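Spelled out, the chains give:
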Amino acid sequence: MTFVAAHAENQSAKQQFQHVSDEYFDHVYFPNQPSDGTIDGYHQYDTMLEDFSRSRIDAEITALHEFDKRISAIPSASLDQTTRGDRQMVLGDIHSRLLTLETLQPSAKNADYYSSTCAGAAFVLMERKFAPADDRLRSLMAREKKMPGLIAEARANLQNPPRIFTEIAIDQLPGIVSFFEHDVPAAFADAQDPALKTEFAQTNAAVIAALNDYLKWLKTDLLPRSNGDYRIGADAFSKKLLYDEMVDVPLPKLLEIGYADMRRNQQHFADVAKELEPGKTPREVLEELGSQHPAPDQLIPAFTATFTSLLDFIRAHHIVTIPSDVRPVVEETPPFMRATTQASMDSPGPYETHATTSYFNVTLPDPSMTPAEVEGYMHSFNIGTVISTSVHEAYPGHYVQYLYSLKAPSRVRKILSANTNVEGWAHYTEQMMLDNGYGQPGTGAKDEREAKFLRLGQLQDALLRNARFIVGIQMHTANMTYDQAVEFFQKEGYQPRETAEVEARRGAGDPTYLYYTLGKLEIMKLRADLQKRQGAAFSLQKFHDEFLSQGFPPIKIVREALLGDDSPTL
């Protein structure tokens, strides 16, 4: 075959893939996940609501199988490296979605799936003013009119769910009801059309009534017969890891890796604690660390104040190229999100062209807390974790990732992402920044003692993620009970009981939340392998720039791009 003929064949295969993948996004992916469409900036989906009816699920399963065949038929050998990776990502998304719909079946097990979908569908129309208030309100009303039907689907679909899932839904619902009662109307207070606002009051009241009835039904009907098993089992766990993250390491080997990293971090914590306070145990030093935090009313200014020193350090030490001088806005977490997050980065979707501000959300203590409860809560915002969280969420973590995502090499890379890349990168940067000198006196710390506390804060966050890694596997392969998971987070993850309970609950519904540590370890191995190959020519900044320029694919795809081989990621 001549070069010209081979090039034409390659172009044909690439164009075929791009055509079929575009069809997949436009006819299956977004129509079945319209709230994601709104987030990503595709506002033709703003009036649509997720549909969990049996007929809709069956139709989606049929479509997924069809696109699986069509994309699998495109020969990967004819594609360039980026498009070959894109093909793997789309197939992984299809297989993961089929695993969810056919095997995991959250619509039959998770009562919160329905009520939180309603809240999320409203929230994504509120959080960014991408259109005038009246236009967004019309879209919200179109969604609200479908919400009572969605809640009715829950009653038809939920069959013997796990008790913990029903309990979580019951706990969440009062906050969701309050969200629709107060936050949603407040978000559209600047709407101009009186008739529109009158009609909205009716659709919103119908949603509130449906949610209140749902809460009563959950308590009186569903909870007594919620005797199902939340565990997904080793086979489904392994498949989910393969489809979502392209990780095929056997679970026993993953546990070995997870335990080894946890022990390293525990030993590092003990060593630094001994340097600080030779006469105290690591636990006593941990308590001392917790007591060193800003006043609650100074928490947002404390986070904002970190940006300058982080950016100065990143530029002076050539850590990564920052594509924009625009900084995220630090603000209090919106009420709807406060129950589930202490800090988060909320950036617009890749195709959002109007409302492009990124928000760094920080959850302040609830006004109803007692002084003792406020003090306990603020321990999570000690001087170490404030720095660690700023690095993770903003510089050079999620916010910098977002800036790079705007120039991702393909539509696939802008829409699809692997958590081992997204959360793995953000978690990796927490350690990487300190390893490269940030947090020393003059760069984030006022003296040597504070520098050690910053390291302890980073290690405490790392141990939380280590515990997730192990608990997720053990809980879902029948080797750890919920109560044992709570104890594990306390004893091995260095977390207070309140945090441990939240984390164990999360693990029941988010089995593969090992992706923080898993991704971090994959990135560290990739960096070490690249540095070994390049020797003195290795540049940390070039590595980070090239890593982020790939978008958010599984680390295996990034390895192929940067190393040119198919070597193991762990």
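Below: a short report on this structure. Small disclaimer: the values here were computed from a predicted structure and weren't measured.

Here we take up the nonpolar core. As a rule of thumb, nonpolar side chains are buried together in soluble globular proteins. Among the nonpolar cores identified, the biggest contains 95 residues, and Leu 254, Phe 360, Tyr 395 and Met 433 are the most heavily contacted of them. Considering each element in turn, this core owes the most residues, 13 residues, to helix H19 (residues 448–476). Met 433 has contacts with Leu 310, Phe 313, Ile 314, Ile 319, Val 391, Pro 396 and Tyr 438, leaving out every residue within four places of it along the chain.

Moving on: the packing of aromatic side chains. Given two aromatic rings, one states the distance between the centres and the angle between the planes to describe the pair. Enumeration according to the criterion identifies 30 aromatic pairs in this entry. Between Phe 52 and Tyr 114, the ring centres sit 5.4 Å apart and the planes meet at 90°, which makes this aromatic pair edge-to-face. Of the two residues, Phe 52 is situated in the loop between helix H2 (34–40) and helix H3 (54–72) and Tyr 114 in helix H6 (residues 112–126); the sequence distance between them amounts to 62 residues. For Tyr 114, a relative accessible area of 0% gives the class buried. An aromatic cluster is defined as three or more aromatic residues linked by ring pairs; in this entry it consists of Tyr 24, Phe 25, Tyr 29, Phe 30, Tyr 42, Tyr 45, Phe 67 and Tyr 351.

Bringing the packing of H19 against helix H20 (residues 482–491) into the picture now. As a packed pair, H19 and H20 sit with axes 10 Å apart at the nearest point and diverge in direction by 165°. In terms of their interaxial angle, H19 and H20 are classed as roughly antiparallel. You can see that H19 and H20 cross each other, and the crossing is right-handed. Along the contact surface, H19 presents Leu 464, Ala 467, Arg 468, Ile 470, Val 471 and Met 475, while H20 presents Tyr 482, Ala 485, Phe 488 and Phe 489. Of the residues that constitute the contact of H19 with H20, the class distribution is nine nonpolar, no polar and one charged.

The next thing to look at is the sheet that holds strand E1 (residues 329–332). Reading across the sheet, the three strands line up as E1-E3-E2 and stay open at both edges, with mixed pairing between neighbours. Two strands in the sheet have a free side with no partner beyond their single neighbour: E1 and strand E2 (343–346). Within the sheet, the average angular offset between the axes of one strand and its neighbour, ignoring direction, is 25°. By the bridge criterion, four bridges tie E1 to strand E3 (residues 359–362) in an arrangement that is parallel. Note that in E3 the partner of Val 329 across the bridge is Tyr 359. Contacting E2 and E3, helix H15 (residues 383–393) crosses the sheet at an angle of about 20° to E2.

Opposite charge on two side chains allows them to pair when their charged atoms are near. Using the criterion set out here, one finds 39 salt bridges in the structure. Salt-bridge contacts for Asp 135 lead to Arg 138; the nearest nitrogen and oxygen are separated by 3.1 Å. Within this pair, Asp 135 and its partner Arg 138 are both found in helix H7 (residues 133–157), separated by three residues, close to a single helical turn. By relative accessible area, Asp 135 is classed as partly exposed at 37%. By relative accessible area, which is 40% here, Arg 138 ends up partly exposed. Among the salt bridges present, the one from Arg 225 reaches Asp 221, with a minimum N-O distance of 2.7 Å. Using a relative accessible area of 31% as the deciding quantity, one classes Arg 225 as partly exposed. Classification of Asp 221 as partly exposed rests on a relative accessible area of 31%. Ionic contacts of the salt-bridge type, sharing partners, join the residues Glu 277, Lys 280, Glu 288 and Arg 449 into one network.

Definitions and limits used
- Residues numbered from 1 in each chain as written.
- Predicted model: local features only at pLDDT ≥ 70, side-chain atom pairs only at ≥ 80, totals over all residues.
- Heavy atoms only, no water.
- Core = buried A, V, L, I, M, F, W, Y, C linked by side-chain atoms within 4.5 Å.
- Buried < 20%, exposed > 50% of the residue type's maximum accessible area, 1.4 Å probe, protein only.
- Helix = DSSP H or I, 4+ residues; strand = E, 2+ residues; numbered from the N terminus.
- Contact = heavy atoms within 4.5 Å.
- Phe/Tyr/Trp six-rings, centres within 6.5 Å; stacked < 30°, edge-to-face > 60°.
- Axes fitted to C-alpha atoms, helices over the stretch in contact; angles between N-to-C directions.
- Parallel < 35°, antiparallel > 145°, perpendicular 65-115°, else oblique.
- Left-handed = near helix turned anticlockwise from the far one by under 90°.
- Nonpolar A, V, L, I, M, F, W, Y, C, P; charged D, E, K, R; others polar.
- Pairing = 2+ DSSP bridges.
- Salt bridge = Lys/Arg side-chain N within 4 Å of Asp/Glu carboxyl O.

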